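Structure assessment
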Amino acid sequence: MTPADTLRVMGIDTSLRSSGIGILDAVGSQMVPVYYGTIRNPPVRSLTQCLVFIQNEIERLITEHAPTAVAIEGIFYAKNVKTMLILAHARGVVLAQCARHAIPVYEYEPRKVKMAVAGYGSAQKEQIQHMVKVLLHLESEPQNDAADALALAITHLHNRTGVAQPTLL
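Residues numbered from 1 in each chain as written. Predicted model: local features only at pLDDT ≥ 70, side-chain atom pairs only at ≥ 80, totals over all residues. Heavy atoms only, no water.

Re the pattern of salt bridges
- Following the criterion strictly, the structure yields six salt bridges and no others.
- For R8, the salt bridge is made with D25, and the minimal N-O distance between the two is 2.6 Å. With a gap of 17 residues between them, R8 in strand β1 (residues 7-13) and D25 in strand β2 (residues 18-27) connect regions that are remote in the sequence.
- Of the residues examined, D25 reaches a relative accessible area of 13% and is grouped as buried.
- Between R60 and E57 there is a salt bridge whose closest N-O contact spans 2.9 Å. Within this pair, R60 and its partner E57 are both found in helix α1 (residues 47-65), separated by three residues, close to a single helical turn. (Salt bridge = Lys/Arg side-chain N within 4 Å of Asp/Glu carboxyl O. Helix = DSSP H or I, 4+ residues; strand = E, 2+ residues; numbered from the N terminus. Buried < 20%, exposed > 50% of the residue type's maximum accessible area, 1.4 Å probe, protein only.)

Quick look at the structure:
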């Protein structure tokens, strides 16, 4: 459990095959990485098996780390409808687990995340990875999905002052 004055944010970059997870603590203006990694589903798992695995892993992480808020990426436009539906399924599992634990979920547009972390709304994956490493004083750059999840958590912590209101789901 975290001290009363600590805000613990879990960033989740939802995907069916490789969901990024990043958990940060904030005391005042200091951000401390607690955990980051990915939830991986191999291609041999069916859609339903993948969703159950994501659900169980999110449950485990919530129970283990007790976040006070969750930050996720807003739905974006995709040319492939099937890909969007699969992403929506995975996202729904994450939202349901957060709701079960009464954890508020905040949604951020990809451009706002890039702006908050890299200072540039069209930043590339490599730039996000590098800036996450720098901002969190990590020894090495995190994997892409984990970096995106940490970037979501960083964005939420930057926005908690109410200067730029996120969308509360």
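After that view, the rundown keeps rolling.
Details of the side chain of D145
- Here D145 shows up in helix α5 (residues 144-159).
- Buried and unpaired, D145 has K125 as its nearest opposite-charge partner, separated by 4.9 Å.
- Residue contacts for D145: discarding those within four places in its chain leaves D13, S18, S19, G20 and T38. (Lys, Arg positive; Asp, Glu negative; His and termini not counted. Contact = heavy atoms within 4.5 Å.)

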